[in-house]
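Structural features, examined
One-letter residues, chain by chain:
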Amino acid sequence: MEPEIRAALLKLYLERLRTFGDEDAASIRRDVRPETVRRVEAAPAAGWLPIALEIEILHAVQRCRGDDGVRELGRVLGRAATDTAVFQPLVTATLAMLGRLPEVLGWIAAKGWNIATRNAGHATSLRRGPRLVHVVLEDLPPISRDRAHLLRSCGGIEGLYAWAGRAARVDLVWEPGSDRAVFVSSWS
């Protein structure tokens, strides 16, 4: 089965390109195939779209803004996604029960991956120390074994921490082509 992502999130991608300013946002949109933009815009928010479309958008961001741009878009999306119908119930209920502890945010990040995607691997969260949480992605399909895709996830997790009022750095541990990636979240 084809790896997919919720359409609502890809719509958010196109919306949040403005983070980079009008000129860069327009340049990135021009770099994405018009049929991809049309497909994302026409999809029902509750629907599913191929992850290949997400990666196409991320590669356009990477060509324009580099790895830092991909991470920045991830941070913006990580903060904004908490208010979407896809994630708001998970975030609200979990934080009400368990609080804004860093390990809880790591757990939300892992569950978020599992809610936002299908046929795209499985995420778990592991506490590794007093100031260290790992989100582990396993069984990544070939399309998801992509540096830009994984860096966007680093930024997304950082954005979730920032939204919760926590400053965290998320580093990627991954060998190109591997079906396993680890996001190492640390905070002070």
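Before reading further, recall that the structure is shown in the block above.
In short, a report on the structure. (Residues numbered from 1 in each chain as written. Predicted model: local features only at pLDDT ≥ 70, side-chain atom pairs only at ≥ 80, totals over all residues. Heavy atoms only, no water.)

1. Points about the overall build of the chain
Note the threshold: Here a helix means four or more residues in a row that DSSP labels H or I, a strand means two or more in a row labelled E, and each is numbered from the N terminus. What the globule rule says is 2.2 Å times the number of residues to the power 0.38, and the radius of gyration is computed from C-alpha atoms. Three labels apply to residues, based on accessible area from a 1.4 Å probe with only protein chains included: buried if under 20% of the type maximum, exposed if over 50%, partly exposed otherwise in between. When checking whether two residues touch, look at their non-hydrogen atoms; a contact exists if any pair is within 4.5 Å. Computed with a 1.4 Å probe, the accessible areas rest on the Shrake-Rupley method; for each residue, only the protein chains presented here act as cover. When charges are counted, Lys and Arg contribute as positive and Asp and Glu as negative, whereas His and the chain ends are disregarded. To locate a charge, take atom NZ for lysine, CZ for arginine, CG for aspartate or CD for glutamate.
Within the chain one finds seven helices and seven strands. Along the chain, from the amino end to the carboxyl end, the secondary structure elements read β-α-α-α-β-α-α-α-β-β-β-α-β-β. A globule of 188 residues ought to have a C-alpha radius of gyration of about 16 Å, and the chain, at 15 Å, matches this closely. Expressed along its principal axes, the backbone C-alpha trace of the chain runs to roughly 45 × 35 × 30 Å. Buried residues in the chain amount to 51% of all 188 residues. Long-range contacts, defined as pairs at least 24 residues apart, comprise 66% of the intrachain contacts of the chain with a sequence gap of at least 6. On the chain, roughly 8,700 Å² of surface is accessible, and the fraction owed to carbon and sulfur atoms is 52%. Side-chain charges of the chain comprise 26 positive and 23 negative groups, with the mean position of each set lying 5 Å from the other.

2. Some details on the pairing of strand β4 (residues 122-129)
Let me state the cut-off plainly: Note on pairing: DSSP must find at least two bridges between two strands before they are called paired.
As paired strands, β4 and strand β5 (residues 132-138) are joined by seven bridges and run antiparallel to one another. Bridge pairing in β5 links Gly-129 to Leu-132. Connecting the antiparallel pair β4 and β5 is a turn made up of two residues.

3. A word on the side chain of Arg-152
To keep things clear, this is the line we draw: The definition of a polar contact used here is a pair of N or O atoms within 3.5 Å, where within protein one atom must be able to donate a hydrogen and the other to accept one, and adjacent residues in sequence count solely through side-chain atom pairs.
With respect to the element layout, Arg-152 can be found in helix α7 (residues 147-163). Polar side-chain contacts of Arg-152 include one of 3.2 Å to the side chain of Glu-54.

4. Remarks on the sheet that holds β5
To keep it simple, the criterion reads: Here an angle of 0 to 180 degrees is reported between the N-to-C directions of two axes, which are lines fitted to C-alpha atoms, with helices fitted over the stretch in contact.
What the four strands build is an open sheet, ordered β4-β5-β7-β6; its pairing is antiparallel. Each of the sheet's edge strands pairs with one partner strand only, and the pair in question is β4 and β6 (168-173). Across this sheet, the average inter-strand angle for adjacent strands is 20°, counted without regard to direction. Taken together, the six bridges between β6 and strand β7 (residues 181-187) define a ladder with antiparallel strand orientation. Bridge pairing in β7 links Ala-168 to Trp-187. The sheet strands contacting helix α6 (residues 102-116) are β4, β5 and β7, and the helix crosses β4 at an angle near 165°. Along the sheet, α7 makes contact with β5, β6 and β7, crossing β6 at roughly 160°.

5. Some points on the nonpolar core
Our working rule: In these notes, a set of buried Ala, Val, Leu, Ile, Met, Phe, Trp, Tyr and Cys residues joined through side-chain atoms within 4.5 Å is what counts as a nonpolar core.
Counting 61 residues, the largest nonpolar core has Leu-10, Leu-17, Leu-73, Ile-108 and Phe-183 as its most contacted members. For this core, the leading source of residues is helix α4 (residues 51-80), giving 11 residues.

6. Description of the sheet that holds strand β1 (residues 4-6)
Spatially, the three strands line up as an open sheet ordered β2-β1-β3, and their pairing is antiparallel. In the strand order of this sheet, the two ends are held by β2 (48-50) and β3 (117-118), each with one partner. Pairing geometry for β1 and β2, over three bridges, is antiparallel. When the sheet's bridge partners are listed, Arg-6 is paired in β2 with Trp-48. Across the sheet, helix α1 (residues 7-16) lies against β1 and β2, angled at about 75° from β1, the strand it touches most. Here α4 sits on the sheet and contacts β1, β2 and β3; the angle it forms with β2, its principal contact strand, is near 60°.

7. Regarding the pairing of β7
With six of seven residues buried, β7 is to be regarded as a mostly interior element. For β5 and β7, the ladder comprises six bridges, and the chain directions are antiparallel. Across the sheet, the residue bridging to Val-133 is Ser-185, located in β7.

8. Topic: unusual backbone geometry
Here Asn-119, not a glycine, exhibits a phi torsion of approximately 60°, which is positive. Tracing the backbone through its elements, the reader meets Asn-119 in the loop between β3 and β4. Classification of Asn-119 by relative accessible area gives partly exposed; the value is 35%. Of note, Asp-139 is a non-glycine position whose phi angle comes to about 60°, a positive value.

Fair warning: the whole summary comes from geometry, so function is off the table for now.
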